[in-house]
Amino acid sequence: MELHNLKPVKGSVKKKKRIARGEGSGRGGTSTRGHKGAKSRSGYKEKRNFEGGQMPLQMRLPKRGFKSPNRKEYSTLNLFQVQAIAEKYNITDIDLPFLKEKGYIQKGELVKILGNGEITNSLNIEAHAFSKSAKEAIEGKGGSAKIFE
């Protein structure tokens, strides 16, 4: 076997369809495009989501909601939960590494302390945000509400 003897396997190579080369070719006239209409014209390109003039699906469905890219999603802890954590572990300083270590929050979560419930002793709490009532309650008991940055 030499290079000049090589041939493709029978049936593996097909001839190109030659269209628009006259009536005698069998593919003249409409040149395999059917009769009339946009698809038979040169330059036709179907627009994406075009449904033949019917109202497209994305326009038929109701539009809902908006999510601001600048919005911050906080994981919340109420004062009664903070008090329970402090009593359970017998501590007065609650910060983000401690909460993460004990499984109350996950890595990268923002934490906001809310004012539901009450605290009974002085606590030093560190979080990303505090509600006004939570901050007043913490500082009213002699603790501190420090914002983590």
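The notes below deal with the structure included here. (Residues numbered from 1 in each chain as written. Predicted model: local features only at pLDDT ≥ 70, side-chain atom pairs only at ≥ 80, totals over all residues. Heavy atoms only, no water.)

**Observations regarding the nonpolar core**
Link 1 in the chain: Of all hydrophobic cores here, the largest spans 20 residues; its most connected members are Val82, Leu99, Val111, Ile113, Ile125, Phe130 and Ile138.
Link 2 in the chain: When residues of this core are traced back to their parent elements, those giving at least two are helix 2 (79-89), helix 3 (96-101), strand 3 (110-114), strand 4 (124-127) and helix 4 (132-140).
Link 3 in the chain: Those residues in contact with Ile113, other than ones at most four positions away along the chain, are Leu77, Leu79, Val82, Ile125, Ala127, Ala129, Phe130, Ser131, Ala134 and Ile138. (Core = buried A, V, L, I, M, F, W, Y, C linked by side-chain atoms within 4.5 Å. Buried < 20%, exposed > 50% of the residue type's maximum accessible area, 1.4 Å probe, protein only. Helix = DSSP H or I, 4+ residues; strand = E, 2+ residues; numbered from the N terminus. Contact = heavy atoms within 4.5 Å.)

**Observations concerning the sheet that holds strand 2 (residues 93-94)**
The strands making up a sheet associate through backbone hydrogen bonding, with each pair oriented either parallel or antiparallel.
Link 1 in the chain: The strand order across the open sheet formed by three strands is 2-4-6, and the pairing between neighbours is parallel. One side of each edge strand has no neighbouring strand; the edge strands of this open sheet are strand 2 and strand 6 (144-147).
Link 2 in the chain: The pairing of strand 4 with strand 6 spans four bridges and is parallel. Bridge assignment links Ala127 to a residue of strand 6, and that residue is Ile147. (Pairing = 2+ DSSP bridges.)

**Observations concerning the pattern of salt bridges**
Link 1 in the chain: Overall, the coordinates contain four salt bridges when judged by the stated rule.
Link 2 in the chain: A salt bridge links Arg60 to Glu51, with the shortest nitrogen-to-oxygen separation between them at 3.2 Å.
Link 3 in the chain: Note on Arg60: relative accessible area 42%, which makes it partly exposed.
Link 4 in the chain: Looking at Glu51, the relative accessible area reads 30%, which means it is partly exposed.
Link 5 in the chain: The shortest N-O distance in the salt bridge between Lys102 and Glu101 comes to 3.8 Å.
Link 6 in the chain: The exposure class assigned to Lys102 is partly exposed, which follows from its relative accessible area of 34%.
Link 7 in the chain: Owing to a relative accessible area of 60%, Glu101 belongs among the exposed residues under this scheme. (Salt bridge = Lys/Arg side-chain N within 4 Å of Asp/Glu carboxyl O.)

**A word on the environment of Arg27**
Link 1 in the chain: Mapped onto the elements of the fold, Arg27 is located in the segment before helix 1 (57-60).
Link 2 in the chain: A C-alpha to C-alpha distance of 8.7 Å links Arg27 and Lys17, two positions 10 residues apart in sequence.
Link 3 in the chain: Among residues more than four places away in sequence, those in contact with Arg27 are Lys17, Arg18, Ile19, Ala20, Arg21, Gly22 and Thr32.

**Focus: a nonpolar patch on the surface**
Link 1 in the chain: There is a patch of nonpolar side chains on the surface, built from Met1, Leu3 and Leu6 and spanning about 450 Å² of accessible area.
Link 2 in the chain: Turning to its location among the elements, Leu6 is positioned in the segment before helix 1. (Patch = residues over 30% accessible without salt bridge, like charges linked within 9 Å, V, L, I, M, F, W, Y side chains within 5 Å. Areas by Shrake-Rupley, 256 points an atom, 1.4 Å probe, with all protein chains shown as cover.)

**Concerning the pairing of strand 4**
Along any regular strand, the residues point their side chains to alternate faces of the sheet.
Link 1 in the chain: Pairing analysis gives two bridges linking strand 2 to strand 4, with the strands arranged parallel. Its bridge partner being in strand 4, Asp93 is matched across the sheet by Asn124.

**Here's the deal with the packing of aromatic side chains**
Link 1 in the chain: A complete count under the given rule lists one aromatic pair for this structure.
Link 2 in the chain: For the ring pair Tyr89 and Phe98, a centre distance of 5.4 Å and an interplane angle of 85° mean the geometry is edge-to-face.
Link 3 in the chain: Residue classification places Tyr89 among the partly exposed positions, given a relative accessible area of 27%.
Link 4 in the chain: Its end group placed over the ring of Tyr74, Lys112 keeps NZ or CZ at 5.9 Å from the ring centre. (Phe/Tyr/Trp six-rings, centres within 6.5 Å; stacked < 30°, edge-to-face > 60°. Lys NZ or Arg CZ within 6 Å of the ring centre and 35° of its normal.)

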